[in-house]
Structures are given as structure tokens and as C-alpha cells.
Amino acid sequence: MSKTENRGTQRAVFGSRFAAIAATVGSAVGLGNIWRFPYEAGAHGGGAFVLCYLIFAFLIGVPVLIAEFVMGRGTRSNVLGAYRKLDPHHPWYWAGYMGIVGSMLILGFYTVVAGWTLEYCIESLFGMLDFSTESAGHDQFVKLTHGWHPVIWTVVFALCNFVILLRGVSKGIERLSNIMMPVLFVILLVFCVHSFFLPGFEEGCSFLFKPDFSKLTPSTLLGALGQAFFSLSLGLGCMITYASYFTEKTRLAQTAVTTMILDSAVAILSGIIIFPAVFSFGLSPSAGPTLVFEVLPNIFYRMAGGGIWSTLFFLLLFIASLTSTISLSEISISFFTEEKKLGRKRSTALSCGITLIISLLCALSMGPWQNLTLFGKNLFDLLDYVASNIIMPLGGMICSIFVGWCIERRFISDQLTDNGRNRFIWLRPLVFCLRWICPAAIFIIFLDSIGAI
Ligand code: TRP
């Protein structure tokens, strides 16, 4: 974000159109694509899940993303302020509180996983990861994540996040992500090419791309919807917050579509890397959250200079996670600064402090407190489930209904045409989607999965 003040409103703005896209894509692309997508796809039967995910990302994700953009840039406010400014008479702003709580829950487990990436990166940099045997992946993972390791690395990652946020998301991280995002993309392509030569390539790709509709259950649908929301950073007001920093020149709909395409591309690439390896090395695709961390070392083991590739890969993943945690933290920080008038430093400390406590509990639930479960899930899985499968779809539904039904159409069209400067021919279908398709689809999937219909 550039320090340029947006005169009159005293708020920071993203310096250019490219910076706006880079920041949005930076928020969207993260662990959700490279870590969460493959294990969710693996757990929900592969192809059918992937197809649903792509359909949801396009039909529900893009309209909701545009709706969040419209609210954010139109009001230039944090999530709570945006609802309140647009309708001061009704309690819509409670959706804002829900988003803030949701963002903290996600940060709770996200920070732990991001800590693993940092640990893998540092350990491979110093040659402490062992790539010499095929079973290395599993053993490494157990070694690196047992006991107090996750706690320590969670704190280290949380500190990185804190330090960058304190500086106001300014030039450093923006420049870093502008360069690192394309590099991450190139590395993923290299790994894909490598994947092509693995014996399990065909089996992996058919698992990923051939939908087996007998595997389509309500939980697959909810999982795919949750994944689409998670990956596009939707439903919590993150994109409302970021859009409030867009300039007048940023084209909202184009930015939304570009974000969706790049974000899905990274997820699919990651699938093409992981699944052929899973089948080549005789692992199970439904291993859950540990999948990627157990599979990747097997790939590095087969590559010349594995340690270097591993360092580079986890470094990039670390940076991708950082640009996402920054956007997640920004939801509550902007709330504290604008609604509670706390000042940047205090707001950042408060937001990071609360999330650090949650992530420490989460890290402990992976190590010393492993046996602590609630509703059959450990804290880690529980936070993910509640945030991704309940709060985010609900937040997306409320946003969609709000923009579709409660905001003047003139306001929406002004935002999408940049006050009449550009043409936007999709207004009717967009509003139709927001009024009917998105809320109905989310509602049905939701009810279906909790067994109500
Ligand atoms: N989209 C990010 C990822 O895929 C995670 C994320 C960042 C997020 N900001 C968010 C998820 C806001 C939900 C809401 O890793």
C-alpha cells in the first residue's frame, strides 16, 4: 500500500491499478491454494470436488467478490463501517462483527501452518531436512511438528506478521509480493513439469480431473463452497477492507475476474504437483492437513539439488502466507483504528495479541494437547470448520443479499462504471446473481450439509 494519502478522507490507497491487483491476488493466493486445496480435494474424492469448486468460484465467488469491492470502495470504510454507512437504520453491521471474529479464528490455525512453512524453509536452508529416503516425508513431518516446535514457529511467524503490519503494509511487502508472486508461479510450473515424469502422473491427473459423481455428497458441496470462499478471501469483509484502499481508477469487475482466474490457476497447479506424487509414492490422498507437508519432501528427494528447491519453495510459500495473514489482520486493525479510534500501533498490537493467543492454543493442540477434542475434532480442525464452513458462507450470503436488495442500484452501477467513465454491461445478471442465485445456493448447500433437508 502506498503512503499516498487519499486527500479528504485521510486514508491510504494502493498506489496503482497493478498494486491493487497484486494486493488482492496476494491476499487470495496463499496456503488456501497450495496446502488446503489439495487436502480438501483429496478428502472429498478428487474430480467431483474440483469441478464444484470451479463452478462455485465462478458463479458465486466472483459476484460476491464484486459485491465486497463495491461496498469497500463505495464507502471507503472498514467492514463494520461499510455496512453502517450504507444502512444506518438496520443491524446489518453485525455481519461486520462476525467477519472480525471469523478472521481471528482463521488466523488461529493459519499462523500455525504458516509457521510450519517457515520451519521447513529454515531447516532446508541449513541442510537439516533429510531427503535421502523415500519415507523421509512422513518422518520429517512428525519430527518437525511434535512437542514444542509448532509453538515456537507460530510465535516467529506471528512476529513477522506483526512487524510488517506495524509499518502499515507499506512499500516493503508490496514490492516483495509484486516480485515473489510471479516467481512462485514459475516455480510451480517447474514442479508441474517434473510431475509429468512421475509414474503416477496419469493416475494423479485422472483423480484430480475426472469427476466421479458417485462421490458427490452434501459434505463435498459444502467443502467446495467453503474452499472457494476461503481461497478468494471472501465472506469476512477482507475484500471490503482492501477495496477501501483502491483508487478511483481501479476497475472492480476486472480485478475480481483476474483474481479468480489467477487464484484458481495456482490451486490447480498445486493439485497437479501433489496428486501424481501421492500416487507415485503410494500415499493416501485423504491424509488431511498434513498431506502437502508429507508429500513434498518425496518430490525434493527425486530432484537434483533438492535442498535448494525445498528452501526456495517454502520461502515462497511463507511469503504467500504472509501476504494473506496481513490481509486477514487488516480486517480487525482497520476496525480498531476507524471505529474505536485506537491508532495504528495499538490496533495492530491488539489484533495481533488476540490472534496470537488463539494460534498458541491451536499450536498446542497439535503438540502437547493433542488429545483435547471438541465435537470429535481437535481445536485446529474445529476452527477451520467453523470459520470456513459456517461463518464465511454466512457472511458471503449476507453481503450478497445486502448488496443485491438493500443498496440502490445507482450506487452499484456508479462503482462498476467508475462514475460513468467506463461501460459495464453485466449489471443486470450480476444483481440477479446477488439477489437470487448466490443466497439460494449458499442456503441450500448449508442446510443440506447440516442434514436439515
Ligand atoms: N485466501 C487466503 C488463502 O487462500 C486466505 C485468506 C486471506 C482469507 N484473507 C482471507 C480467507 C479472508 C478468508 C477471508 O490462503
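**With respect to the overall build of the protein chain**
- Helices and strands together make up the secondary structure of the protein chain, namely 18 helices and four strands.
- For a compact globule of 453 residues, the expected C-alpha radius of gyration is about 22 Å, and the protein chain comes in at 21 Å, within 12% of that figure.
- Expressed along its principal axes, the backbone C-alpha trace of the protein chain runs to roughly 60 × 50 × 40 Å.
- Here the protein chain holds 453 residues, and 59% of them are scored as buried.
- Residue pairs at least 24 apart in sequence account for 82% of intrachain contacts in the protein chain once pairs closer than 6 positions are excluded.
- Accessible surface, the protein chain as shown: approximately 17900 Å² in total, 67% of it carbon and sulfur.
- Here the protein chain contributes 30 positively and 25 negatively charged side chains, and the mean placements of these two sets differ by 14 Å.

**So, the nonpolar core**
- Among the nonpolar cores identified, the biggest contains 146 residues, and Trp35, Met71, Ile106, Phe313, Phe314, Val403 and Leu416 are the most heavily contacted of them.
- In this view, Phe314 contacts Thr117, Tyr120, Cys121, Phe293, Leu296 and Phe300; residues no more than four positions away in its chain are not counted.

**Details of the packing of aromatic side chains**
- Under the counting rule described, the total for this entry stands at 36 aromatic pairs.
- Residues Phe196 and Phe201 carry aromatic rings whose centres are separated by 5.1 Å and whose planes lie at 70° to one another, so their mutual orientation is edge-to-face.
- Positioned above the aromatic ring of Trp405 is the side chain of Arg435, whose terminal nitrogen or guanidinium carbon lies 4.2 Å from the ring centre.

**Side note on the site of the ligand**
- Of all residues adjacent to the ligand, which total 17 residues, the nearest are Ala28, Gly32, Tyr110, Phe230 and Ser233.
- The backbone of Ala28 places a nitrogen or oxygen atom 2.8 Å from an oxygen atom of the ligand.
- At a separation of 2.8 Å, a nitrogen atom of the ligand approaches a polar backbone atom of Phe230.
- Here the ligand has 360 Å² of accessible area as a free molecule, and 100% of this is covered by the chains.
- Only α1 (17-28), α2 (31-43), α5 (94-125), α10 (218-231) and α14 (306-338) provide two or more residues apiece to the shell around the ligand.

**Examining the pattern of salt bridges**
- The final tally for this structure, using the stated rule, is eight salt bridges.
- Where Arg84 meets Glu339, a salt bridge forms, and the shortest distance between an N and an O atom there is 3.0 Å. Of this pair, Arg84 sits in helix α4 (residues 79-86) while Glu339 sits in the loop between α14 and α15 (344-366), and the two are 255 residues apart along the sequence.
- We classify Glu339 as partly exposed; its relative accessible area is 26%.
- For Arg251, the salt bridge goes to Asp418, with nearest N and O atoms at 3.3 Å. Taken as a pair, Arg251 in the loop between α11 (238-243) and α12 (252-280) and Asp418 in the loop between α17 (409-416) and α18 (427-449) lie far apart in primary sequence, 167 residues in all.

**A word on the side chain of Ser400**
- On the secondary structure map, Ser400 appears in helix α16 (residues 379-406).
- A distance of 2.8 Å separates a polar atom in the side chain of Ser400 from the backbone oxygen of Leu434.
- Leave out the neighbours within four places in its chain, and Ser400 touches Val64, Leu434, Cys438 and Pro439.

**Side note on α15**
- For α15, with 23 residues, the first-to-last C-alpha span of 32 Å sits near the 33 Å given by 1.5 Å per residue.
- All of the buried residues in α15 are Ser347, Thr348, Ser351, Cys352, Thr355, Ile358, Ser359, Cys362, Ala363, Leu364, Ser365 and Met366.

**Re the side chain of Asn161**
- One can find Asn161 in helix α7 (residues 149-166).
- We classify Asn161 as buried; its relative accessible area is 6%.

**Thoughts on the confidence of the model for the protein chain**
- Looking at the protein chain, the pLDDT average stands at 90 and 94% of residues meet or exceed 70.
- For the stretch residues 2-9, pLDDT sits under 50, and the model shows 16 contacts to residues farther than four places along the chain or on other chains.

**Some points on unusual backbone geometry**
- The backbone phi angle of Ser233 is positive, close to 60°, even though this residue is not glycine.
- For Ser233, the location among the structural elements is in the loop between α10 and α11.
- Taking relative accessible area as the criterion, Ser233 reaches 11% and is therefore assigned buried.
- Backbone geometry at Lys341 places phi at a positive 50°, although glycine is not the residue there.
- Along the chain, Lys341 falls in the loop between α14 and α15.
- By relative accessible area, which is 66% here, Lys341 ends up exposed.

**Looking at a nonpolar patch on the surface**
- A surface patch of nonpolar side chains, amounting to about 540 Å² of accessible area, comprises Leu51, Ile55, Phe58, Leu59, Phe213 and Leu216.
- With respect to the element layout, Ile55 can be found in helix α3 (residues 47-75).
- Take Ile55: its relative accessible area is 42%, and that puts it in the partly exposed class.

**So, the state of the cysteines**
- Per the stated rule, a full pass over the model turns up zero disulfides.
- With no disulfide of its own, Cys406 has Cys399 as its nearest cysteine by sulfur position, at a separation of 11 Å.
- Lacking any disulfide linkage, Cys438 is separated from the closest cysteine sulfur, that of Cys433, by 5.2 Å.
- Relative accessible area serves as the criterion here: at 0%, Cys438 is assigned to the buried category.

Reading the values: rules and limits
Residues numbered from 1 in each chain as written. Predicted model: local features only at pLDDT ≥ 70, side-chain atom pairs only at ≥ 80, totals over all residues. Heavy atoms only, no water. Helix = DSSP H or I, 4+ residues; strand = E, 2+ residues; numbered from the N terminus. Rg over C-alpha atoms; globule rule 2.2 N^0.38 Å. Buried < 20%, exposed > 50% of the residue type's maximum accessible area, 1.4 Å probe, protein only. Contact = heavy atoms within 4.5 Å. Areas by Shrake-Rupley, 256 points an atom, 1.4 Å probe, with all protein chains shown as cover. Lys, Arg positive; Asp, Glu negative; His and termini not counted. Charge placed at Lys NZ, Arg CZ, Asp CG, Glu CD. Core = buried A, V, L, I, M, F, W, Y, C linked by side-chain atoms within 4.5 Å. Phe/Tyr/Trp six-rings, centres within 6.5 Å; stacked < 30°, edge-to-face > 60°. Lys NZ or Arg CZ within 6 Å of the ring centre and 35° of its normal. Near = heavy atom within 4 Å. Polar contact = N/O pair within 3.5 Å; in protein donor to acceptor, adjacent residues only side chain to side chain. Salt bridge = Lys/Arg side-chain N within 4 Å of Asp/Glu carboxyl O. Expected span 1.5 Å × (residues − 1). pLDDT = per-residue confidence, 0-100. Patch = residues over 30% accessible without salt bridge, like charges linked within 9 Å, V, L, I, M, F, W, Y side chains within 5 Å. Disulfide = S-S within 2.5 Å.

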